[in-house]
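A look at the structure
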Amino acid sequence: MKVIVIGATGTLGRAVVGALRPAHLVVPASRRGEVRVDLEDPASLDALFAAVPDADAVVCCAAGGPLIDLGTAKDAEFAAGLRGKLLGQVALAMRAAHHLRDGGSITLTAGTFAAPLAGGSLGALVNSGLEGFVRNAAAELPRGLRINVISPGWVRETLEAMGTDGSAGTPAAEVARAYVEAVEGSARGQTIIP
């Protein structure tokens, strides 16, 4: 399969590219890579599918969002978080539905945590929205297309890069296997937790 991986230069994206490469033709895409894309720029999403025609799957590992204190948050901060991670991935999925080959796969990234997290209200809103979108969109997609969302929680390497104990996180290579499963499997409309 030809698989586009968005966010391919990040910690998780690199692991997903590495996990997919043995069996698939992987096209890495990022804000600064050879194939450029920015979830907050709809024109770059259109350009991505023009530059990489006939893809079988698209995987988005680029989505992230800040921890924002609910007591001091501004409307603009919440709007920016919605634009990037939620609306950007929805826009990606909508375009992928028009450009992927029949039977193709769309895999997005959420990240809901098991327990409330200080500063995590925006993330909870965005991630729950993504999970609901994927659950419903799976029933609406044409031509046998599938859509799923991965909810990795904390990634070990990300925690370590933040200067905290990584033992509470899942290794990126293990999380990457969930993305491979979503691309190669038959699940549709599922939230997959590695």
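Look up: the structure comes first, before these words.
Below, the structure is looked at part by part. (Residues numbered from 1 in each chain as written. Predicted model: local features only at pLDDT ≥ 70, side-chain atom pairs only at ≥ 80, totals over all residues. Heavy atoms only, no water.)

Tallied over the full model, the rule gives four salt bridges. For Asp46, the salt bridge is made with Arg95, and the minimal N-O distance between the two is 2.6 Å. Of this pair, Asp46 sits in helix H2 (residues 42-51) while Arg95 sits in helix H3 (residues 75-99); the two residues are 49 residues apart in sequence, bridging distant segments of the chain. Across the salt bridge formed by Arg101 and Asp56, the nearest N and O atoms sit 3.7 Å from each other. Highlighted residues: Arg101 in the loop between H3 and strand E5 (105-109) and Asp56 in the loop between H2 and strand E4 (57-60), separated in sequence by 45 residues. Given a relative accessible area of 14%, Asp56 falls into the buried group. (Salt bridge = Lys/Arg side-chain N within 4 Å of Asp/Glu carboxyl O. Helix = DSSP H or I, 4+ residues; strand = E, 2+ residues; numbered from the N terminus. Buried < 20%, exposed > 50% of the residue type's maximum accessible area, 1.4 Å probe, protein only.)

Looking now at the sheet that holds strand E6 (residues 146-150). Taken together, the seven strands give an open sheet; going across it, the order is E3-E2-E1-E4-E5-E6-E7, and neighbouring strands pair in parallel fashion. Each edge of the open sheet carries a strand with a single partner, namely strand E3 (35-36) and strand E7 (191-192). Here E4 runs beside E5; their pairing, made up of three bridges, is parallel. Each residue of the ladder has a partner; that of Ala57, found in E5, is Ser105. Its contacts with the sheet put H2 on strand E1 (2-6), strand E2 (25-30) and E3, and the angle it makes with E1 is roughly 155 degrees. In this fold H3 packs onto E1, E4, E5 and E6, with an angle of close to 175 degrees to the strand it touches most, E5. (Pairing = 2+ DSSP bridges. Contact = heavy atoms within 4.5 Å. Axes fitted to C-alpha atoms, helices over the stretch in contact; angles between N-to-C directions.)

Looking down a regular strand, the side chains alternate between one sheet face and the other. Counting buried positions along E5 gives five out of five residues, so the element sits mostly inside the fold. The alternating pattern of E5 places Ser105, Thr107 and Thr109 and Ile106 and Leu108 on opposite faces, both of which are buried. Bridge count for E5 against E6 is five bridges, and the pairing is parallel. Considered in E6, the bridge of Thr107 is made with Asn148.

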